[in-house]
Amino acid sequence: MVKLLKAVNNTIGGTPIGAAAEDKRTSTRSKQAILRKALRAALRVINVVGLLALVLIFAMPFIWMLSTSLKTLPETMIFPPEWIPRNPVWQNYADAWNTGPFLNYFVNSVVIAVGILILQMLTIIPASYAFARYKFKGSNFLFGIVMVTLMIPAQLIFLPVYLELSAFKLLNTHLGLILPFASSAFGIFLLRQAFMQISDELLEAARLDQAAEWKIIVKIMVPMVKPVLVTFALFSFIAHWNDYFWPLVMTTNETARTLPLGIAKIREVEGVATWNVLMAGNLILVAPILVVFFLSQRQIIKAFVYNGVK
Amino acid sequence: MTVWEKLRPYGMVAPAIIIFSLFFIYPIFYMIYLSMFDWNFVSPTKTFVGIQNFKDLLTEPDFRQVLSNTTIYTLLTVTLTTGIALLLALWLNRKSFFHGFVQGAIFSPHIISLVSISLLWSWLMDPEYGLLNWVIGLAGFGKLEWLSHPSTSLISLVMVAVWKGLGYNALVFIAGLQSIPSDIYEAASLDRSKPWTTFTKLILPMLSPTIFFLVIINMIGSFQVFETIAIMTQGGPINSTNTLVYYIYEYGFRFFKIGYASAAGVILLVIVGILTMIYFKLLSNRVHYR
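The numbering scheme is per chain: residues are counted from 1 as the chain's sequence reads. Written order determines the labels here, with chains lettered from A and ligands numbered from 1. Thresholds applied to this predicted model are a pLDDT of at least 70 for local features of residues and 80 or more for the giving and counting of side-chain atom pairs; totals over whole chains, interfaces and linings are not thresholded and use all residues.

Caption draft 1: The arrangement of the overall build of chain A in detail. When helices and strands are counted, chain A shows 15 helices and zero strands. Working definition of burial: number of other C-beta atoms within 10 Å of the residue's own, with buried at 20 or more, exposed at 12 or fewer, and partly exposed in between, all C-beta atoms being placed from the backbone. Classification of the 310 residues of chain A by burial places 34% in the buried group. For every residue pair, C-beta atoms are placed from the backbone, and the pair is scored as a contact if these atoms sit within 7 Å. Within chain A, residue pairs in contact and separated by at least 24 positions form 78% of the contacts whose partners lie at least 6 positions apart. Working definition: helices are DSSP H or I runs of at least four residues, strands are E runs of at least two. Numbering for both runs from the N terminus.

Printed below as a string of structure tokens:
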């Protein structure tokens, strides 16, 4: 890429020699210029073809998923493949939906992801505000707990947490799947940074007006960190909507299981090789997220990448 | 200052701190405690065995293979993802509608559930009717067994992980590239420095915090790989894709050897702990500079 830029630079910036230049030289120069132009055109073509190939590598699996989901089972085994099935089999979607209590899975997924999000908002906003704006004894120690939590991935402690939840009789309940994530160390970390960046003058002005502290927080401070809140909300919702590991480990029956578990289970119900039904089920899980992604691509990418960079 | 004003900050952090203590801090100690016992989860008594579980683990050939699988998987995934993503970032770092579209396309797997990705790739990698075997057949190669043969199963999983992680990594790199001040590029081009020199002497050093960040993040993630393995291979064939978290899961929830599984958990804790320490050291440095 850098090379290409250089080449473009040289062609544009190449100093013309004065009018006294010999004809011969001009002709070789113009030949060179034509060559350069051709090279640039070729590079541009290679660039575009490469980009299209790249898109294909990432889009093809999804197109293949859609295509398979509309085929009969024998059609899935025909090669070269028919990308657009002649008679789309919509029945596959009904079959996938009927392999288990999917309405139930769907409701569970919504309840858990939304429940986690609401509780996280309620716990991280006051906590991050306190850490950012108040001086109090032991705040370093308490923030240390946040930092240690930030370092502990859920994948690491599922065994003791399982025993704990089973002692509380919270296995197979929505609450059991929500509570461990009712707060987020990552959210506190992000939001604390945002609260610290708000200028003191604004706060002083509000205090002079004798506004109650909670009113200042709700009416002035929270709206100012709204972009960070939206970012975090997107991040949290997608992560918990997609989560397979935690609901798998913390449930032993269907009552609180979520969509990803239901989709993974289709294979057990329908047998390993019914790829058409499996892909139909898979699409039920993927489609909403992909639609949301293409509608608010910028925001979502910012949410994830920003979290990575900051 | 009233009593209420003194107590207010504690009240505000309390809910979060209670959740963290109950579900993150306490379980760590509980796991370390359990790792020194022999317990099958149902029996009312736990038998204290000291460090016997760790001794058993380290002499168990299966566990050694699990450690080596996890390490190989991690090294391959991290090098390939970070390396290819850097190249993609240099290529895709442009502001146009088309480039934005390409960036969105390669990023899309990152927000898809690993369940979907695992099922989709199991189908693509099907030895009989998978699309991948058809494609490499077109290119004149013979069929591969992909996930069903021990020699290709682990690398197949790496492929899936790279496919999923590439977009995210590339976009973080692009964000890093865009934070390099443009006058530095201009200075380099005024100096007529060669593209390769610009890359190694200028871009690479400026990007080094981003590279380091991504390597550590990818490592922590890869060491905990679970979903793809649980859905695509269940650790097989012949243990060739069994990794740490899956191993702990199997010993805890299938064989009910809680102490033994906890001991494996403690080993994972140490590995992830070291990696996260490095990561936070880096993170705090970056925060200071801003």
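Caption draft 2: Here's a closer look at the overall build of chain B. Each helix and strand counted, chain B has 12 helices and two strands in total. Expressed as a percentage of its 290 residues, the buried residues of chain B come to 43%. For chain B, contacts bridging at least 24 residues in sequence account for 71% of all contacts bridging at least 6.

Caption draft 3: Representation of the interface of chain B and chain A in the model. Counting residues at the interface gives 65 residues for chain B, matched by 70 residues for chain A. At 18 residues, the largest contribution of residues to the side of chain B that touches chain A is made by helix α1 (residues 3–34) of chain B. In the side of chain B that touches chain A, the residues fall into 51 nonpolar, 13 polar and one charged. We call Asp, Glu, Lys and Arg charged. Ala, Val, Leu, Ile, Met, Phe, Trp, Tyr, Cys and Pro are nonpolar, and the rest, Gly among them, are polar.

Caption draft 4: View of the UniProt feature "transmembrane region" (unreviewed entry) in chain B. Residues and elements named next belong to chain B. The feature "transmembrane region" (unreviewed entry), as given by UniProt, occupies residues 12–33, 72–92, 104–124, 154–177, 198–220 and 258–280 in the numbering adopted here. Across residues 72–92, helical content stands at 100% and strand content at 0%; the span's end C-alpha atoms are separated by 29 Å. Segment residues 198–220 splits into 100% helix and 0% strand. End C-alpha atoms: 31 Å apart. UniProt positions are given in the numbering used here, feature names are shortened, and annotations may be inferred rather than shown by experiment.

Caption draft 5: Structural context of the nonpolar core. Core analysis: the biggest nonpolar cluster contains 149 residues, and A:Ile188, A:Leu191, B:Ala170, B:Ile248 and B:Ala264 have the highest contact counts within it. Among the elements that line this core, the one with the most residues is helix α7 (residues 150–178) of chain B, at 13 residues. With residues near it in sequence (within four places) discarded, A:Leu191 still touches A:Ile124, A:Ile125, A:Ser128, A:Val225 and A:Val228. By convention the nonpolar core is taken to be a set of buried residues drawn from Ala, Val, Leu, Ile, Met, Phe, Trp, Tyr and Cys and joined through C-beta atoms within 7 Å.

Caption draft 6: Molecular detail of unusual backbone geometry. Despite not being glycine, A:Asn172 shows a phi value in the positive range, around 60°. Tracing the sequence through the fold places A:Asn172 in the loop between α6 (158–167) and α7 (174–178). On the basis of neighbour count, A:Asn172 is assigned to the partly exposed category, with 17 C-beta atoms found within 10 Å. Phi at B:Phe256 takes a positive value of approximately 55°, unusual for a residue other than glycine. Counting through the fold element by element, B:Phe256 comes out in the loop between α11 (244–253) and α12 (258–289).

Caption draft 7: Expanded view of the domain arrangement of chain A. Residues and elements named next belong to chain A. Per the domain assignment, the segments making up chain A are domain 1 (2–69) and domain 2 (99–309). Listed as interface residues are four residues of domain 1 and, on the opposing side, six residues of domain 2. Across the side of domain 1 that touches domain 2, the residue classes tally to two nonpolar, two polar and no charged. Domain start and end points were adopted from an automatic or database domain assignment.

Caption draft 8: Representation of the environment of B:Ile72 in the model. Residue placement: B:Ile72 occurs in helix α3 (residues 61–92). Counting along the chain gives 83 residues from B:Ile72 to B:Ile155, while the straight-line C-alpha distance between them is 9.2 Å.

Caption draft 9: Quick peek at the confidence of the model for chain B. Overall, the prediction assigns chain B a mean pLDDT of 87, with 97% of residues at 70 or greater. Our summary of model confidence lists the complex with pTM equal to 0.84 and ipTM equal to 0.83. Confidence of the prediction at every residue is given by pLDDT, a number between 0 and 100.

Caption draft 10: Representation of the UniProt feature "domain: ABC transmembrane type-1" (unreviewed entry) in chain B. Per the UniProt record, "domain: ABC transmembrane type-1" (unreviewed entry) is found at residues 67–279 of chain B. Along residues 67–279 of chain B the backbone is 76% helical and 0% strand, and the end-to-end C-alpha distance reaches 22 Å.

Caption draft 11: Highlighting the packing of helix α4 (residues 102–133) of chain A against helix α11 (residues 226–242) of chain A. Residue and element names in this part refer to chain A. Between α4 and α11, whose axes approach to 9 Å, the crossing angle comes to 145°. Handedness of the α4/α11 crossing: right-handed. Of α11, the residues touching α4 (which contributes Ser-109, Ile-112, Ala-113, Ile-116, Leu-117 and Gln-120) are Ala-233, Ser-236, Phe-237, His-240 and Trp-241. Residue classes in the contact of α4 with α11 are distributed as seven nonpolar, four polar and no charged. Note on definitions: angles span 0 to 180 degrees between N-to-C directions of axes, and those axes are lines fitted to C-alpha atoms, for helices only across the stretch in contact. By convention, the crossing between two helices is left-handed when the near helix turns anticlockwise from the far helix through less than a right angle, and right-handed when the turn is clockwise.

Caption draft 12: Highlighting helix α14 (residues 275–295) of chain A. The length a helix should cover is 1.5 Å for every residue beyond the first. Over its 21 residues, α14(A) extends 29 Å from the first C-alpha to the last, a length consistent with the 30 Å expected when each residue adds 1.5 Å. Take the seven residues that end at a residue and the seven that start at it, fit an axis to each, and the angle between those axes is the bend at that residue. Along α14(A), the helix axis deviates most sharply at A:Val286, where the bend reaches about 35°; the proline A:Pro288 sits within four residues downstream.

Caption draft 13: Looking closely at the environment of A:Trp275. Counting through the fold element by element, A:Trp275 comes out in helix α14. Placed 209 residues apart in sequence, A:Trp275 and A:Leu66 show a C-alpha to C-alpha distance of 11 Å. Setting aside residues no more than four positions away along its own chain, A:Trp275 makes contact with A:Thr68, A:Thr76 and B:Trp123.

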